[in-house]
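Each chain is listed here by its residues.
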Amino acid sequence: MHPRRTARRTARRTALLAALVLAGATATACGSEGHTTSAADTAPRSGGSLTYAEHQEPDCWDPHASAQDVTAFAQRPVFDSLVYQTPTGELEPWLASSWTTAEGGKVYRFTLRQDVTFQDGKPFDAAAVKANFDHITAKATQSQYAAGLLGPYVGTKATGKYTVEVRFSRPYAPFLQVASTAYLGMASPASLTDGEAKLCTGADSVGTGPFKVTGYTRGQQRVYTRNAAYNWAPKGAQQQGPARLSSFTLRFITEDATRVGALTAEQVDAADAVPANQSALVTRNPRLSIVTKDIPGAVDTFYLNTRSPLFSDVRARRAFQRAIDLDALVASVFQGTGTRAWSTLSPSTPHSYDQALEQSWPYDRALAGRLLDEAGWTGRDSAGYRTKDGKRLTVVAPVYGKPTVFSQAVQGDLKKAGIYLDLAASTDAAQVSSQLTGGRYDVVETSWARGDGDILSSFFLSTESSAGGGHNFARVADPQVDAWLKEAQRAATPDQRAAYYAKVQKWTIDQAVVVPAYVSKASVGVNKRVHDLRLSIAAWPELYGAWVEGR
């Protein structure tokens, strides 16, 4: 049984709504790419504190259970992983000193470091690794994402004190990247026995990471203090030994203007999600800069429900796809700082993006009109929308919370083609979840960060239905697509995997099951007293190597 299928209805609901929220979580602004820098004559300083304004607070702090990006970011300083993925996408040892594969890629054998301890003083060993994988896949955990990342997982076995074997039912090449994520971060086995309710509160987060949690006030802030014993950073980290910062604080400021205002008033040292329309407030301040990075994984995309009465007709899907002037909308909404997407995958996704799709499906409203005519949508109502048999051409798009500015811009653009995009917004979680799991929609707009092309499996494998907690919002069930994705999972080299991912990307465009909209971009405003803050492969700040000048 797929581990994710064991989750209860509440877990599925949270995962689905997290996917919808992600569609509106990205801000875009101009600035330096990926990191802050230090002056050549400025030596890194040990000590000092940093305050970071975060736009969202986790609903659940357990990365084994939560599907939220913010959980993975906020827990990364606490939880290390077996493998490290560098900001450029390469994989290297971390808590595992080495690994081999066997049985054609169905078995991964890890040799662990022998000098690592958890923050509670307990040793990190093979038994701890097994305890963590057991926790991720346990029914009580209600894993919304981590268990699904394990794909065809069978089980984990400690083969020695510092050797461990992870087994799958079929070859699973994405596993090393999966093992690098914070969602599969290593927690102290002692803390895992405290129960999921306590783990979700964040009151018992105990890992091997460079920072310990030393204070938390719900709705306000979380405080992290340097782990003085830390001495097992991966090679690709910016330094070795304990973190440079003595401490840092996450402040939760959800309102954009308030968060940017705190940065410009120097009440915080850095702030995430700087909107494009407020970037000038940051960049014109000589004490501030903006660090940006394209987010890998699935870009902001409209997934068309191929089984809905409207979009079961490929002509209607193709018309919707070609009726949106994405170049103009992205330029307008993001004020010249955004990038129009051509594939569901971000160009920054390592060894995965199909560049051949660029310019292959340009905006063509005349073509969209002809396709709608062929599909029978030839009438017009008093508002100018197309009709068939007296019914308005309505595309239902569930929205949890409020529609984004971009979504509303698309709505206005589609009206010119006679298509009504119904942004069905609701804060009723049960209602929206039921609508998704029941397939009572025409399109879902979302994005999802991941540093591997296997994110395509989450959206297009036939087994990944939203009813089961997956993200196949297009409701694709094509044997050829399933075969390509599984061949990519068993492929031995990145180039072989990329070839299969290219086939899937092209198929989704040709069959008009998606309308990729824009490449999501992380945007972090930073005070120039902060140095060496770089964005990870997932475009989250890595605070381990960061440091601050003395005031």
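Notes on the structure in this doc start here. (Residues numbered from 1 in each chain as written. Predicted model: local features only at pLDDT ≥ 70, side-chain atom pairs only at ≥ 80, totals over all residues. Heavy atoms only, no water.)

## Considerations on the packing of helix H16 (residues 479–490) against helix H17 (residues 494–510)
Put simply, the test is: Convention adopted: a line fitted to C-alpha atoms gives each axis, helices being fitted over their contacting stretch, and angles between N-to-C directions are expressed from 0 to 180 degrees. Every helix listed is a DSSP run of H or I at least four residues long, and every strand listed is a run of E at least two residues long, numbered separately from the N terminus. Angles below 35 degrees are treated as roughly parallel, those above 145 as roughly antiparallel, those between 65 and 115 as roughly perpendicular, and all remaining angles as oblique. When the near helix sits turned anticlockwise from the far one by under a right angle, the crossing is termed left-handed; a clockwise turn instead gives a right-handed crossing. Contact criterion: two residues are considered in contact whenever any of their non-hydrogen atoms come within 4.5 Å of each other. Only Asp, Glu, Lys and Arg are considered charged, only Ala, Val, Leu, Ile, Met, Phe, Trp, Tyr, Cys and Pro nonpolar, and every remaining residue, Gly among them, polar.
Close contact between H16 and H17 brings their axes to 8 Å; oriented N to C, the two are set at 155 degrees. By the angle between their axes, H16 is roughly antiparallel relative to H17. Handedness of the H16/H17 crossing: left-handed. Every residue of H17 that contacts H16 at Val481, Trp484, Leu485, Glu487 and Ala488 is listed here: Arg497, Tyr500, Tyr501, Lys503, Val504 and Trp507. Grouping the amino acids of the contact of H16 with H17 by side-chain chemistry returns eight nonpolar, no polar and three charged.

## Focus on the nonpolar core
Cut-off, in case you're wondering: To define a nonpolar core, start from buried Ala, Val, Leu, Ile, Met, Phe, Trp, Tyr and Cys residues and group those joined through side-chain atoms within 4.5 Å. Here's how the labels work: a residue is buried when its accessible area is under 20% of the maximum for its type, exposed when over 50%, partly exposed in between, all with a 1.4 Å probe on protein chains only.
Ranked by size, the top nonpolar core spans 140 residues in total, and within it Phe110, Phe175 and Phe460 carry the most contacts. Considering every element that reaches this core, the biggest residue donor is helix H3 (residues 126–137), with five residues. Setting aside residues up to four positions removed in sequence, Phe175 forms contacts with Tyr108, Phe110, Phe133, Leu150, Val166, Phe168 and Leu184. Ranked by size, the runner-up nonpolar core spans 11 residues in total, among them Val260, Leu263, Ala271 and Val274.

## Looking at the sheet that holds strand E20 (residues 443–449)
Cut-off, in case you're wondering: Note: two strands are recorded as paired if DSSP finds a minimum of 2 bridges between them.
Taken together, three strands build an open sheet; the order of strands is E20-E14-E21 and the sheet is antiparallel. Here the strands that pair on one side only, and so sit at the sheet edges, are E20 and strand E21 (514–518). For this sheet, the mean inter-axis angle between neighbouring strands, taken without regard to orientation, is 30 degrees.

## Topic: the pairing of strand E5 (residues 96–102)
The pairing of E5 with strand E6 (residues 107–112) spans six bridges and is classified as antiparallel. Residue pairing in the sheet places Thr100 in a bridge with Arg109 of E6. The hairpin formed by E5 and E6 contains four residues between the paired strands, and Glu103 there has a positive phi angle of roughly 55 degrees.

Don't take any of this as a statement about function, it's just geometry.
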